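# Residue-level structure breakdown
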Amino acid sequence: MKKHMKIYKECIKVAFAAASTYRLNFILNCTIMLLGDIIFPLITVLIYGSGAGFQGWTVYEVLLIQSIFTMSTAIADMTFHGVMWVTMDMVRNGNMEMVLILPVDTMFILMARTFSFEGIGLFLGGFTIFIVAVLNVSIPSIILWLQFLTFFIIGIFVMMGIALIMAAISFKWVGNSRIPEIFSSIRSFGKYPQSIFPKAIVFITSIIIPVAMISYYPAAALLGRVNSGMFIMILPCFLFLIFGIYLYRHMVRLYQGVGG
Amino acid sequence: MGDIITVDKLTKRYSTYKRGSGFKESLKALFVREKVPVIAVNDVSFNVKEGDIVGILGPNGAGKSTTIKMLTGTLYPTSGSIEVMGYNPTKNRKTYVHQIGAVFGQKSQLIWDIPPVDSFRMNKAIYGISDKDFDERLQLMSKIFMVEDFITRPTRVLSLGERMKCEFIMAMLHHPKVVFLDEPTIGLDVIAKHDIVF
């Protein structure tokens, strides 16, 4: 564990050095990410402003879900989403050997090496909307905050599971640039209140690919709308992450390389 | 001295797709692709004794790089066996690769945007090298390869030869017992080539 912490610390230093090398690129990327993802909650405000909305949900409650989604995405972008991009690139160019010769877990080192500061802007944007939303709903108790935190962390595990499955697919589906789009489409089901979806979709987003845990369940916890079923859903989330890790490691073993 | 590397009937097969050139063939390949089996390494056996420096020679596409990749544990053989220092490279990968060093001349371990010295520090953390050993080895190899002037410059501004020298240092910092070099002298001047071998 100590060794892994040391490696991670070194990777963060490298990420900072790389970000400071291309300062303008760093600032632009932060801004584009912020604008791209923050526009979504703003559309919600516009929808509610025109008199429409999601039945049974106030604008601040929906904003709460979407701000949690934004914060989750930002944390994932900073810490582990890079594994998907770098795996796709390495498999296509046959550079995986350079990681496989290192005496450390391949998945861990790729996540650590792709640590990115560019999600900071997105996180701060999401956090600001989160504060505004929380201040406009009934103030949650400590118990509800703890439930929120638990669901939020597990939601990040789900994101990690999706990223690893997508990265694993790139070993077979070499050079397919649509993989991140599939990734993004799957995740986007987590941006909305689950009550707006048909039962079949709710089943899929709660158990099969549990994206509901990314932002809906944590928001429901803060709003005091949790039920025992939501706690049971923690199990498929862990299973999903375990499956992602297993699949990724399995695909690494099948890596064939390219010509020498 | 005893054998440090034993390779017995090593074979690597994989499948690829055959595709003709031109628009018509590309269109055809959208619907039908002919699967072609490739035998990259065929029934290779050899032994290397401790302390030996051994080179593999062969024409392009003979399977030299594939053999080295299998020896480093980064590719799984289809059949046959490999034993290096008593290890099977495909099992206990992390323990095994800690004892070896590898340079693949066509690929880079260095991080593009930062100076090589920062990449060295990354490997220091990965291999758990002590501060004392790291400083001593880096100083020694910097002297041998005369890299003191440029290891603090970003990798992307270095010449191919300068980068290769840094790649070599990177592979040697953890003091490996066995080193696998695949085209390690690409871009190197004659003096540096001499220093690597001797």
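A brief report on the enclosed structure follows. (Residues numbered from 1 in each chain as written. Chains lettered and ligands numbered in written order. Predicted model: local features only at pLDDT ≥ 70, side-chain atom pairs only at ≥ 80, totals over all residues.)

Counting secondary structure elements, chain B contains 7 helices and 5 strands. Put simply, chain B runs from its N terminus to its C terminus through helices and strands in the order β-α-β-α-β-α-β-α-α-α-β-α. With the C-alpha coordinates aligned to their principal axes, the bounding extent of chain B is approximately 60 × 45 × 30 Å. Within chain B, buried positions represent 34% of all 198 residues. In chain B, the proportion of contacts linking residues at least 24 apart, taken out of those at least 6 apart, comes to 71%. (Helix = DSSP H or I, 4+ residues; strand = E, 2+ residues; numbered from the N terminus. Buried ≥ 20, exposed ≤ 12 C-beta atoms within 10 Å, placed from the backbone. Contact = placed C-beta atoms within 7 Å.)

This part takes up the sheet that holds strand E1 (residues 3–18) of chain B. Residue and element names in this part refer to chain B. Strand order in the open sheet made by the 3 strands is E2-E1-E3, with antiparallel pairing throughout. A strand with exactly one partner marks an edge of an open sheet, and here the two such strands are strand E2 (34–49) and strand E3 (79–84). Adjacent strand axes in the sheet meet at a mean angle of 25°, parallel and antiparallel pairs treated alike. (Pairing = 2+ DSSP bridges. Axes fitted to C-alpha atoms, helices over the stretch in contact; angles between N-to-C directions.)

The next subject is the interface of chain A and chain B. Counting from both sides, the interface comprises 20 residues of chain A and, opposite them, 28 residues of chain B. Counting residues per element, the ones that place at least two in the side of chain A that touches chain B are helix H1 (2–21) and helix H5 (97–100) of chain A. It is H1(A) that provides the largest number of residues to the side of chain A that touches chain B, a total of 8 residues. When grouped by side-chain class, the residues that make up the side of chain A that touches chain B number 10 nonpolar, 5 polar and 5 charged. (Nonpolar A, V, L, I, M, F, W, Y, C, P; charged D, E, K, R; others polar.)

All names here are of chain B. The pairing of E1 with E2 spans 12 bridges and is classified as antiparallel. Directly across from Lys12, in E2, lies its bridge partner Val41. The pairing of E1 with E3 spans 5 bridges and is classified as antiparallel. Bridge assignment links Val7 to a residue of E3, and that residue is Ile82.

Our focus in this paragraph is the packing of H1(A) against helix H6 (residues 106–113) of chain A. Residue and element names in this part refer to chain A. One can describe the packing of H1 onto H6 by two numbers: an axis separation of 8 Å at closest approach and a directional angle of 30°. Classified by the angle between their axes, H1 and H6 sit roughly parallel to one another. Across from His4, Ile7, Tyr8 and Cys11 in H1, the residues of H6 making contact are Phe108, Ala112 and Arg113. Partitioning the contact of H1 with H6 into residue classes produces 5 nonpolar, 1 polar and 1 charged. (Parallel < 35°, antiparallel > 145°, perpendicular 65-115°, else oblique.)

The subject of this paragraph is the nonpolar core. Generally speaking, a soluble globular protein has its nonpolar side chains buried in company with each other. By size, the foremost hydrophobic cluster in this structure holds 117 residues, and its most contacted members are Leu64(A), Val83(A), Val158(A), Ala163(A), Met213(A) and Ile169(B). Of all the elements, helix H8 (residues 142–172) of chain A adds the most residues to this core, at 17 residues. When neighbours within four sequence positions are excluded, Ile169(B) is seen to be in contact with Phe120(B), Met141(B), Phe145(B) and Val147(B). (Core = buried A, V, L, I, M, F, W, Y, C linked by C-beta atoms within 7 Å.)

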